[in-house]
Amino acid sequence: MSKQYEFVKAEQRSPEWFALRKEGITATEAAVIAGLSPYKTPFQLYAEKIGKWEPEPVGEAAIRGILLENTVAEFYEMETGREVRRSNGIVRLKELPWVMASLDRTIVGEDGLVEIKTSTSPRWSLYPVPPEVEAQVQWQMFVTGAPWCDVAALLGGLVFRIERVVADVEYQTDLYRK
């Protein structure tokens, strides 16, 4: 990966991590701004960013996803033979520090990324990678310069799937312009 970005250390879900995320647009938020998120509207995100709306606490599905993240990463390593490293912080563009991402995993010795998902949503049967996840990983690749991102998904609790998303500069530019 090119070093167009800087890494700011902050344990995921720590007060420092949440504070850093308020300073810019993260990969998940890029999908919201693009109107692709089924969970939050662009207006809700705007109101949240200016302190006029407090989002609901994460639900049980999100908590299960957090708890299963390491297990899904281990499945990925077993299936691919690749070693992954947890990213404990935020990456952001040096020249545009508001453009940021919180990566799930990087791959040791390779330029790719791994985004981990757990879901029971039927959206995963409609798309190889749902549009909001596609936007999320394209933003991550925009920030890091990574050429691809594997989406490792545990679906319905038992089905494990890996879908590779290749960097698309035109798509990334469209996201940035929104």
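Below, the structure is looked at part by part. (Residues numbered from 1 in each chain as written. Predicted model: local features only at pLDDT ≥ 70, side-chain atom pairs only at ≥ 80, totals over all residues. Heavy atoms only, no water.)

Taken as a whole, this structure holds 5 aromatic pairs when the rule is applied. The interplanar angle of 75° and the centroid separation of 4.9 Å between the aromatic rings of Trp17 and Phe18 together place this pair among those described as edge-to-face. Residue Trp17 is classed as buried on the basis of its relative accessible area of 5%. Owing to a relative accessible area of 40%, Phe18 belongs among the partly exposed residues under this scheme. (Phe/Tyr/Trp six-rings, centres within 6.5 Å; stacked < 30°, edge-to-face > 60°. Buried < 20%, exposed > 50% of the residue type's maximum accessible area, 1.4 Å probe, protein only.)

Bringing unusual backbone geometry into the picture now. With phi around 70°, Arg13 is a residue other than glycine that occupies positive phi space. If you trace the backbone, Arg13 turns up in the loop between strand S1 (5–9) and helix H1 (15–21). (Helix = DSSP H or I, 4+ residues; strand = E, 2+ residues; numbered from the N terminus.)

With that out of the way, let us pick up the layout of surface pockets. Of the volumes computed, that of the second largest pocket is approximately 250 Å³. Together, 14 residues line the second largest pocket, and Tyr5, Phe7, Arg85, Ser87 and Thr106 are the ones closest to its centre. Listed by contribution, the elements that provide at least two residues to the lining of the second largest pocket are S1, strand S2 (84–86) and strand S5 (105–107). Looking at side-chain class alone, the lining of the second largest pocket contains 7 nonpolar, 3 polar and 4 charged residues. (1 Å grid on protein atoms, 1.4 Å probe; cavity = no way out; pocket = protein on both sides within 12 Å on 5 of 7 lines; lining within 4 Å. Points joined across faces, edges and corners; volume = space filled by probe spheres on them. Nonpolar A, V, L, I, M, F, W, Y, C, P; charged D, E, K, R; others polar.)

So, about the nonpolar core. The biggest cluster of nonpolar side chains holds 28 residues, and the ones touching the most others in it are Val137, Trp139, Met141, Val143 and Val151. Elements with a minimum of two residues in this core: helix H2 (27–33), strand S3 (89–93), helix H6 (131–144) and strand S7 (148–155). Sort the elements by how many residues they give to this core and H6 lands first, with 7 residues. Those residues in contact with Val137 that lie beyond four places of it in its chain are Glu115, Cys149, Val151 and Val165. (Core = buried A, V, L, I, M, F, W, Y, C linked by side-chain atoms within 4.5 Å. Contact = heavy atoms within 4.5 Å.)

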